[in-house]
Amino acid sequence: MNLNAVLTIYMFEMRRFFRTITQSLVSPVLSTSLYFVVFGTAIGSRIQEVEGVSYGAFIVPGLIMLTVMTQATSNASFGIYFPKFIGTIYELLSAPVSFLEIVAGYVGAAATKAMFIGVVILITSFFFVDISIAHPLAMIAFLTLTCVSFALLGFIIGIWAGNFEQLQLIPLLVITPLVFLGGSFYSIAMLPPVWQNITLFNPVVYLISGFRWSFFGTADVSIGLSLFAIALFTGICLAFIWWIFRTGWRIRQ
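All values reported here derive from a predicted model rather than from experimental measurement.

Rules used in this analysis
- Residues numbered from 1 in each chain as written.
- Predicted model: local features only at pLDDT ≥ 70, side-chain atom pairs only at ≥ 80, totals over all residues.
- Heavy atoms only, no water.
- Disulfide = S-S within 2.5 Å.
- UniProt positions renumbered as here; feature names shortened; annotations may be inferred.
- Helix = DSSP H or I, 4+ residues; strand = E, 2+ residues; numbered from the N terminus.
- Phe/Tyr/Trp six-rings, centres within 6.5 Å; stacked < 30°, edge-to-face > 60°.
- Buried < 20%, exposed > 50% of the residue type's maximum accessible area, 1.4 Å probe, protein only.
- Lys NZ or Arg CZ within 6 Å of the ring centre and 35° of its normal.
- Axes fitted to C-alpha atoms, helices over the stretch in contact; angles between N-to-C directions.
- Parallel < 35°, antiparallel > 145°, perpendicular 65-115°, else oblique.
- Left-handed = near helix turned anticlockwise from the far one by under 90°.
- Contact = heavy atoms within 4.5 Å.

Draft legend 1. How the structure looks around the state of the cysteines. By the definition in use, this model includes zero disulfides. Its sulfur unpaired, Cys 147 is 14 Å from the next cysteine sulfur, which belongs to Cys 237.

Draft legend 2. Focus on the UniProt feature "transmembrane region" (unreviewed entry) in the chain. Those places that UniProt annotates as "transmembrane region" (unreviewed entry) correspond, in this numbering, to residues 21-43, 55-82, 89-108, 114-133, 140-161, 167-186 and 221-245. As annotated, residues 89-108 has a helix share of 80% and a strand share of 0%, and its two end C-alpha atoms lie 18 Å apart. Counting secondary structure, residues 167-186 comes out at 70% helix and 0% strand; the distance between its end C-alpha atoms is 29 Å.

Draft legend 3. View of the environment of Thr 144. On the secondary structure map, Thr 144 appears in helix H7 (residues 136-160). Between the C-alpha atom of Thr 144 and that of Ala 111, which follows or precedes it by 33 residues, the distance is 7.5 Å.

Draft legend 4. Seen up close, the packing of aromatic side chains. According to the stated counting rule, one finds 19 aromatic pairs in the structure shown. Aromatic side chains Phe 78 and Phe 164 sit 6.4 Å apart centroid to centroid with 35° between the ring planes, which places their arrangement in the tilted category. You can see Phe 78 sitting in helix H4 (residues 60-86) and its partner Phe 164 sitting in helix H8 (residues 164-180), a full 86 residues away along the chain. The class of Phe 164 is partly exposed, set by a relative accessible area of 34%. One Lys or Arg, Arg 212, reaches over the ring of Phe 58 and ends 3.8 Å from the middle of that ring.

Draft legend 5. A look at unusual backbone geometry. With phi around 55°, Glu 51 is a residue other than glycine that occupies positive phi space. Mapped onto the fold, Glu 51 is located in the loop between strand E1 (49-50) and strand E2 (53-54). For Glu 51, a relative accessible area of 36% corresponds to the partly exposed category. Of note in this structure, Arg 250 is not a glycine but carries a positive phi near 65°. Tracing the sequence through the fold places Arg 250 in the segment after helix H11 (223-247). For Arg 250, a relative accessible area of 30% translates into the label partly exposed.

Draft legend 6. Representation of the packing of helix H6 (residues 99-125) against H11. Where H6 contacts H11, the axes come no closer than 10 Å and their chain directions differ by 130°. What the angle tells us is that H6 and H11 run oblique. Like other packed secondary-structure pairs, H6 and H11 cross with a definite hand, here right-handed. For the pair H6 and H11, contact is made by Phe 99, Ile 102 and Val 103 and by Ile 241, Trp 242 and Phe 245, respectively.

Here's what the structure looks like:
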């Protein structure tokens with residue numbers, strides 16, 4: 001693998017991120033603070049505990065997942081779409097760089113940005129609630145895998161998108177609703193049995209459940225299922241990206 005090529009793409013994307021570092025930090029901090037005020041205070045006054053955890057602490061993993069999923073997707077989709085938009089992607093495709101190196105550079109940068117913001121949200125949460133992490137290594141692993149997998153999804157969206165509006169279509173209309181309906185602010189055990197079964201068809205449930213387990217040691221689904229779900233999702237994204245570069249779909253048009 002040409003590590004210089006990967007590093008060049010990675011650093012180019014990261015420099016773009018740090019040029020707007022203030023906006024990148026202020027937005028998630030303000031959003032997290034508002035979520036704690038609205039959900040933690042208003043709803044938390046009526047729901048004291050969920051599965052033995054204070055409601056304010058219980059929503060922290062969901063808040064982090066909501067942000068890192070949308071940020072990883074948006075950053076990766078914009079990162080690869082912009083070269084398509086201005087035409088510089090053809091220079092990249094004609095360079096002696098493999099598709100793995102291109103994907104590693106763009107996806108790695110998008111995942112890093114999302115993880116950075118996820119850590120900022122975690123630090124912000126300590127100012128609002130008392131929270132402890134039962135399995136810190138598992139937390140880092142779940143966070144990393146989620147950032148990488150959704151950055152891969154964002155890369156696919158960036159290749160597919162034909163305009164800037166389509167870049168936001170899937171994050172706004174698909175990912176965000178799935179996160180809200182995936183137990184980010186509640187336990188699916190609180191739902192009626194019928195809705196519990198329906199919710200299990202939401203793939204985001206398994207990611208949030210595994211991530212919450214790393215904090216509190218409790219989960220809505222087994223950890224094995226959570227790991228299988230994220231591994232399957234990552235594998236599907238990688239296979240689809242391989243097919244894109246093999247066929248030139250939406251790249252050489």
